[in-house]
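One-letter residues, chain by chain:
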Amino acid sequence: MDDRNSDGSAGIPSLPGPPTPGPPANGLPDLNLLRTFLAVYRAGAFTAGARVLGLSQPTVTAQIRALEGRLGRELFERRPRGVVPTPSADDLAARISGPLDALGAAAGTAAGFPGEEGPAEPVRLAGPAEYLAHTVLPTLAPLVERGVRLRVAFGLTDGLLDELRAGRHDLVVATARPRGRSLTWLPLADEEFVLVGAPVWAGRLGGRIAAEGPAALHGVPLVAYAEDLPILRRYWRHVFGRRLTAVPAVTAPDLRAVRAAVAGGAGVSVLPRYLCAAELAAGALVPLHLPEDPPINTGFLVGRPGPPAHPHVALVRDHLVRRGREAGERPGA
């Protein structure tokens, strides 16, 4: 996350490094220091934590410095794009988050943070544009009615996971399971991929694909999400056991645009079934091949370790996982 100094210039908050260890002061740290710590811990940056608290960044910086001095240990590693909690910070957050959240709920403040009553902090959700628009956002309407606020961002999995680590998102819908232990994940839903074309191409190809395999598609225009044909290549490898080497006729970095081009007769492509189910039912698209073992991809809901940034993050997370499980249990889902 891009923290900026008080003069507006880019940079890391000006802290002189780890505090000099010393005996803690008598008694517990001031409650406001703990609340400030938890805000920064959850937001992943001093500037974002300051926005949550309604304080200036220098004030938050000074409070974290005071808490580190009182505890005699460093709580955050300062990075150009935010902060990374130390093991001491993880331990402290695990011990205080529950009581502070309960105190905040009793006092009527959002997420256990001080400040005036007002709208809850928004949940920052990110993922593939097509999946979020078609499958995720419609299911979240009941939560919005209950006061959940959403801020949605689109992008590719690798970049979004980097931004999640930097504290820019609360939850990311990912097309691949993240590696390492810096993030936590839950299976969300499975998607089946289908080789599709407009009726005109179905008529030209007939049953040739079942009989001839990928040779039947030689010379047929391919419509792809990207120049390197990522979804098509996976289908060829999984279904045909062949490596696909071709140049797409059309590329569009949105599967909804790919669907529209294919339905218009521009060529054939591979799409997730959820995205083209209505077109298949209406006959605007036709499945060109029905293998016994179609490619399946599992989506994951990914977050950062530790307690959620605020209760609505957990509410959205649990809702999406539950809806994904229910969709998987429905026949034909």
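This structure is a prediction, so every number in the text was calculated from the model and none was measured. Every chain is numbered independently, its residues counted from 1 as its sequence is written. Predicted model: local features are reported for residues with pLDDT of at least 70 only, side-chain atom pairs are reported and counted for 80 or more only, and whole-chain, interface and lining totals are derived from all residues. To get the side-chain values, all heavy atoms of the structure are used, and hydrogens and water are removed first.

### Topic: the overall build of the protein chain
So, step 1. Helix and strand labels come from DSSP, where a helix needs a run of H or I of at least four residues and a strand needs a run of E of at least two; each type is numbered from the N terminus. The helix and strand tally for the protein chain stands at 13 helices and 11 strands.
So, step 2. Counting over 333 residues, the protein chain shows a buried share of 44%.
So, step 3. Note on definitions: a residue-residue contact is assigned when non-hydrogen atoms from the two residues lie within 4.5 Å. In the protein chain, the share of contacts with a sequence separation of at least 24, taken over all contacts with a separation of at least 6, comes to 73%.
So, step 4. As displayed, the protein chain has an accessible area near 16,500 Å², and 54% of this comes from carbon and sulfur atoms. Under the scheme applied here, a residue whose accessible area is under 20% of the maximum for its type counts as buried, over 50% as exposed, and between as partly exposed, the area being computed with a 1.4 Å probe on protein chains only. All accessible-area figures derive from a Shrake-Rupley calculation using a 1.4 Å probe, and residue coverage is judged against the displayed protein chains alone.

### As for the pattern of salt bridges
Side chains carrying opposite charge are able to pair once their charged atoms draw close together.
So, step 1. Throughout this description, the term salt bridge denotes a Lys or Arg side-chain nitrogen within 4 Å of a carboxyl oxygen of Asp or Glu. Enumeration over the complete set of coordinates arrives at 11 salt bridges.
So, step 2. For Asp162, the salt bridge identified is with Arg165, shortest N-O distance 3.1 Å. Of this pair, Asp162 and Arg165 are both found in helix H7 (residues 157-165), three residues apart, which corresponds to roughly one turn of the helix.
So, step 3. Glu279 is the salt-bridge partner of Arg259, the closest N and O atoms lying 3.7 Å from each other. Of this pair, Arg259 sits in helix H11 (residues 255-263) while Glu279 sits in helix H12 (residues 273-282), and the two are 20 residues apart along the sequence.
So, step 4. For Arg259, a relative accessible area of 17% gives the class buried.
So, step 5. A network of salt bridges, in which partner residues are shared, links Glu68, Glu74 and Arg78.

### Details of the confidence of the model for the protein chain
So, step 1. Confidence scores here are pLDDT values: one per residue, from the predictor, ranging 0 to 100. Taken residue by residue, the protein chain gives an average pLDDT of 83. The fraction at 70 or more is 83%.
So, step 2. Element-level pLDDT for the protein chain is lowest in helix H4 (residues 87-107), with a mean of 75, against a maximum mean of 98 in strand S7 (residues 223-224).
So, step 3. Here residues 1-26 is modelled with pLDDT under 50, and outside its nearest four sequence neighbours on either side it reaches 55 contacts, counting other chains as well.
So, step 4. Confidence drops under a pLDDT of 50 for residues 108-117, and excluding neighbours within four residues, the segment shows 23 contacts in the predicted structure.

### Some thoughts on the packing of H11 against H12
So, step 1. Note on geometry: axes are lines fitted to C-alpha atoms, helical ones only across the stretch in contact, with angles between N-to-C directions running from 0 to 180 degrees. Packing of H11 against H12 brings their axes to within 11 Å, and their N-to-C directions diverge by 25°. Comparing the axis directions of H11 and H12 gives the class roughly parallel. As H11 runs across H12, the sense of the crossing is right-handed. On the side of H11, the interface is formed by Leu255, Arg256 and Arg259, while H12 contributes Leu275, Cys276 and Glu279.
So, step 2. Residues of the contact of H11 with H12, tallied by class, amount to three nonpolar, no polar and three charged. Here the angle decides the label: under 35 degrees means roughly parallel, over 145 means roughly antiparallel, 65 to 115 means roughly perpendicular, and every other value means oblique. Take the far helix as the reference: if the near one is turned anticlockwise from it by less than a right angle, the crossing is left-handed, and if turned clockwise, right-handed. Charged residues are taken to be Asp, Glu, Lys and Arg, nonpolar residues to be Ala, Val, Leu, Ile, Met, Phe, Trp, Tyr, Cys and Pro, and polar residues to be all remaining types, Gly included.

### Things to note about unusual backbone geometry
So, step 1. Positive phi values are uncommon outside glycine, yet Leu229 reaches one of about 55°.
So, step 2. Turning to its location among the elements, Leu229 is positioned in the loop between S7 and helix H10 (230-240).
So, step 3. Judged by its relative accessible area of 2%, Leu229 is buried.

### Observations regarding the nonpolar core
So, step 1. In plain words, nonpolar cores are sets of buried Ala, Val, Leu, Ile, Met, Phe, Trp, Tyr and Cys residues tied together by side-chain atoms within 4.5 Å. Core analysis: the biggest nonpolar cluster contains 31 residues, and Leu125, Leu140, Val196, Val316 and Leu320 have the highest contact counts within it.
So, step 2. Counting only elements with at least two residues in this core, the list comes to strand S3 (123-127), helix H5 (129-136), strand S5 (171-174), strand S6 (184-197), H11, H12 and helix H13 (311-329).
So, step 3. Here Val196 is in contact with Val262, Val268, Ser269, Leu271, Cys276, Leu280, Leu285, Val286, Pro287 and Leu288, once residues within four sequence places are set aside.
So, step 4. Val40, Tyr41, Val60 and Leu67 belong to the second-largest nonpolar core, a separate cluster that totals 22 residues.

### Things to note about helix H3 (residues 57-71)
So, step 1. For a helix, the expected span equals 1.5 Å multiplied by the number of residues minus one. Look at H3: 21 Å from first C-alpha to last across 15 residues, which is about the 21 Å you get at 1.5 Å a residue.
So, step 2. When we look at burial in H3, the residues that qualify are Gln57, Val60, Thr61, Gln63, Ile64, Leu67, Glu68 and Leu71. When H3 is viewed along its axis, its buried side chains cluster within an angular range of 165° and face the same direction.
So, step 3. Positive phi appears at Gly72, one or two residues downstream of H3, with a value of about 75°. By definition, the arc is the one covered by directions from the helix axis to the C-beta atoms.

### Topic: H10
So, step 1. The complete set of buried residues in H10 reads Leu232, Tyr235, Trp236 and Phe240. Mapping the buried residues of H10 onto a view down its axis gives an arc of 100°, with all of them on the same face.
So, step 2. The inward-facing, buried residues of H10 contact S6, helix H9 (208-212), S7 and strand S9 (269-272).
So, step 3. In the segment just after H10, Gly241 is the residue with positive phi, at about 65°.

### A word on the packing of aromatic side chains
Describing an aromatic ring pair means giving the distance of the ring centres and the angle of the ring planes.
So, step 1. Two rings from Phe, Tyr or Trp (for Trp, the six-membered ring) form a pair when their centres are within 6.5 Å of each other. A pair whose planes differ by under 30 degrees is stacked, one over 60 is edge-to-face, and the rest are tilted. With the rule as written, the count across this model stands at eight aromatic pairs.
So, step 2. Within the aromatic cluster, the residues linked to one another by ring pairs are Phe37, Tyr41, Phe46 and Phe76.
So, step 3. Working rule: Lys NZ or Arg CZ, within 6 Å of ring centre, within 35 degrees of ring normal, means a charge sits over the ring. Here the guanidinium or amino end of Arg204 rests over the ring plane of Trp201, the centre of that ring lying 4.4 Å away.

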